[in-house]
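Understanding the architecture of this molecule
The lines below spell out each chain.
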Amino acid sequence: MTSKKLAVTATFAVFGLALISSGPTNRPASSNFAMVQASTAAKDKYGNRGPAKVPSRLQGTWYSADDGGSTVTFGKHSFREKETDDSSTLKLYKQDSRFLQDHRNTTDERIEDATDSWGRISTTRAKGMHWLTVYEWTETGDGTSYAVHTEKVDGQEIKILVAAEGPNYEVEHVYYQTQALADQYSNHRFADLNYDND
C-alpha cells in the first residue's frame, strides 16, 4: 500500500474513533425535547408557573409565645408553620391568574389532594407596611398576611413579624427573632398595630 493510501486510511480511522467516543455522550434530539416537555408539563399543571420567591427580609424562623409557643419559617420558596402539636409546610409557587377563575378548580377534591402541599403568595403595601400574603393553592379567601416591622421597646429597636388576617390586616400574632424575646414580650401590645380584638 502506498504512503498516500496509508495516510488516508489513518485519517478515516481517527475520524471513526472520534465519532464512536463522542456518540454515547450526546442525547438524541428527541430525548432532549422529551425532557423539556416533561419539565414544562410539571410546571404548568394546575396553574403552576414555577417557584415563587419570598423576600429576604422575611426569610428565617420567627418565634411567638402564643399557643404554648409557635414558629413560622420562611424559606426562599417555602413556608412552614409549627405549633405545639401540629405543623404544616407549603411549597410556594406562582399561580396562573386564570386558574381560580374556573370555580371547578376550587372544589375538585382531586386537585385539592394533588396540591395539598402547594401555596401561593401575593404582595401589597398597607397600614404603612409591606405585606406578603400566603394562601393555600385553591383558597379563595383572604389568606394570612405577614410583614416585618420595627418597634422600639425598652429603649431598643427590635424587628418583629406581624401576622394579620382579613382585608383590614387585623393582627392575630406577633413573632420575634428569638424565643427569649417572644417570651419576654408575650403580653406586650404595640400601639401602632391594629389588633383583631381592639
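**Some details on the confidence of the model for the protein**
Taken over all residues, the pLDDT of the protein has a mean of 83, while the share at 70 or more is 78%. Between the elements of the protein, mean pLDDT differs from a low of 40, seen in helix 1 (residues 3-22), to a high of 98, seen in strand 2 (residues 60-64). Low pLDDT (under 50) marks residues 1-42, which in the prediction has 4 contacts with non-local residues, meaning those over four places away or in another chain.

**Considering the nonpolar core**
Among the nonpolar cores identified, the biggest contains 19 residues, and Trp-131, Ile-160, Val-162, Val-174, Tyr-176, Phe-190 and Leu-193 are the most heavily contacted of them. Secondary-structure elements contributing two or more residues to this core are strand 7 (129-136), strand 8 (144-153), strand 9 (156-165), strand 10 (170-176) and helix 4 (179-184). Here the element with the most residues in this core is strand 9; it accounts for 4 residues. Residues Ala-52, Leu-58, Phe-79 and Leu-161 belong to the second largest nonpolar core, which totals 16 residues.

**Section: the pattern of salt bridges**
Oppositely charged side chains may form a pair once their charged atoms are brought near each other. Taken as a whole, this structure holds 4 salt bridges when the rule is applied. Here Arg-104 and Asp-102 are joined by a salt bridge, their closest N and O atoms 2.8 Å apart. As a salt-bridge pair, Arg-110 and Asp-108 come within 3.6 Å of each other at their nearest N and O atoms. What makes Asp-108 partly exposed here is its relative accessible area of 25%. What emerges from the salt-bridge pattern is a single network uniting Arg-49, Asp-96 and Arg-98.

Cut-offs applied
- Residues numbered from 1 in each chain as written.
- Predicted model: local features only at pLDDT ≥ 70, side-chain atom pairs only at ≥ 80, totals over all residues.
- Heavy atoms only, no water.
- pLDDT = per-residue confidence, 0-100.
- Helix = DSSP H or I, 4+ residues; strand = E, 2+ residues; numbered from the N terminus.
- Contact = heavy atoms within 4.5 Å.
- Core = buried A, V, L, I, M, F, W, Y, C linked by side-chain atoms within 4.5 Å.
- Buried < 20%, exposed > 50% of the residue type's maximum accessible area, 1.4 Å probe, protein only.
- Salt bridge = Lys/Arg side-chain N within 4 Å of Asp/Glu carboxyl O.

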